[in-house]
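Chain and residue survey
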Amino acid sequence: MNLNTKQFFKKAEDGGYAIPQLNVSSADQMKAVAKVALELKSPFIFGTSEGEGKFLGLRQAIALAEVYEKETGIASILNADHTKSLEKVREYLDAGYNSIHIDGSLLPYEENLEITKKAVDMARKVNENISVEGELGQIGGPGSSKILTEAVEIKEENLTSPKQALEFVEATGIDRLGVSIGNMHGISNITKPKLDFERLSELHEILKEKCVLVLHGGSGIPDDDIKKAVELGIRKININTELRLAFAGALKKALEAGETTPYKFIAPAQDATQKTTQEKIEICGSKNKI
Ligand code: 13P
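No experiment lies behind these values; they were computed from the predicted model shown.

Attention shifts here to the packing of aromatic side chains. According to the stated counting rule, one finds four aromatic pairs in the structure shown. With a centroid separation of 4.9 Å and 90° between ring planes, the pair formed by Phe44 and Phe46 is classed as edge-to-face. Each member of the pair Phe44 and Phe46 is classed as buried. Here Tyr109 and Phe168 contribute two aromatic rings whose centre-to-centre distance is 6.1 Å and whose plane-to-plane angle is 45°, an arrangement assigned as tilted. Taken together, the residues Tyr109 in helix H6 (residues 109-126) and Phe168 in helix H7 (residues 162-172) connect sequence positions 59 residues apart.

Right, here's the structure in full:
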C-alpha cells in the first residue's frame, strides 16, 4: 500500500477540504465505501478501531484495502483509530497500516506526550511518510459509536487548549491532531453537539503550518456545522455511528422481510452505507479531488 499518506493531508490543507474517515468492521462495508469514493473521485480513509481491527483481522484489512486500491486506482489509507498502547501501534505497523492514531487523551498530559512521541518515532522508523495522529483534550461521550440514551456533559476544561496544542505538536512531531471542540463520540438522544468555532479558528491559525486538524465524532453534527468546521480548518472527519446505523437498519429490514440469502440481505446494507458515505464526502468537500 502507498506509504506516503502525509501527502493526502497536505493536499487537503492546500485545497481547503476534509478527507472523511469511514470506520468499518467488515469487508462488506469496505467494499461499499470504496465504490462510492471511486464514483465521486474522493480521497477517503478506512478507519478501524481496536475492536473493528480485531474483528476484521489486521492483515485481512490490509489485503482488502490493497484490493480496493488496485481496483479503484485510488490510494487506500488505512488508519488505526484510537490506538491506546505502543504494543498495538507495533502490531498495526507490522501488519502494514499506513496511518496511525495514537490516543493518549485520557492520560495525564505528560504521559500523553510521551506515548505519542514514542508512537511517532516507531512509525518514522518504518517509513517517514506514514501519517501519525495524536489527540489532545477529551472528546465528549463514553467513547462508543452508538446511540446514547444519556446526556453528555461537555466540560470547558476538557476542550483542547490552543497554547498546549502548539507545545504538544512541536514536542511530539505528529502530523495530525484530534481536537476536542465540543464534539462527542456517538449520537445522544439528549445532548446535541455544539462546536466551539472560535477555538477551532484559533487552533487552525496556530497549527496550520505544523499539522492538520481532525474532528472525531463526525456523526450527529449538523451538515452546516461540519461545513463550517471544514471552512475553519478541519481536514479529516471521522464517521462511525451513522455508518453503523445505516448498515444495521437496512440489514434489519431485509432480515425482517424474511430474506435469507446473504448477498440479498447484505446488498441493501451496502446501499445504505454508500448513501451515508456519499453524503459525508459531499459535506467534507472532498468530491473530485483526485
Ligand atoms: P462517531 O461514531 O460519533 O461518528 O465518531 C467516530 C469517530 O470519531 C471515530 O474515531
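What follows concerns the pattern of salt bridges. Under the criterion given, the structure shown has 20 salt bridges. A salt bridge links Glu133 to Lys236, with the shortest nitrogen-to-oxygen separation between them at 2.7 Å. Of this pair, Glu133 sits in strand E5 (residues 131-136) while Lys236 sits in strand E10 (residues 234-239), placing them 103 residues apart in sequence. What makes Glu133 buried here is its relative accessible area of 0%. Overlapping salt bridges, with partners in common, bring together Lys6, Arg124 and Asp175 in one network.

Quick reminder: α-helices carry 3.6 residues per turn. Residues three or four places apart thus point the same way. Between its first and last C-alpha, helix H4 (residues 58-72) extends 21 Å over 15 residues, near the 21 Å set by a 1.5 Å rise per residue. Taken together, the buried positions of H4 are occupied by Leu58, Ala61, Ile62, Leu64, Ala65, Tyr68, Glu69 and Thr72. Down the axis of H4, the sector holding all buried residues measures 165°, keeping them to one side. Among the exposed residues of H4, those pointing more than 90 degrees away from its buried face are Arg59, Lys70 and Glu71.

Thresholds, definitions, all that
Residues numbered from 1 in each chain as written. Predicted model: local features only at pLDDT ≥ 70, side-chain atom pairs only at ≥ 80, totals over all residues. Heavy atoms only, no water. Phe/Tyr/Trp six-rings, centres within 6.5 Å; stacked < 30°, edge-to-face > 60°. Buried < 20%, exposed > 50% of the residue type's maximum accessible area, 1.4 Å probe, protein only. Helix = DSSP H or I, 4+ residues; strand = E, 2+ residues; numbered from the N terminus. Salt bridge = Lys/Arg side-chain N within 4 Å of Asp/Glu carboxyl O. Expected span 1.5 Å × (residues − 1). Arc of directions from axis to C-beta.

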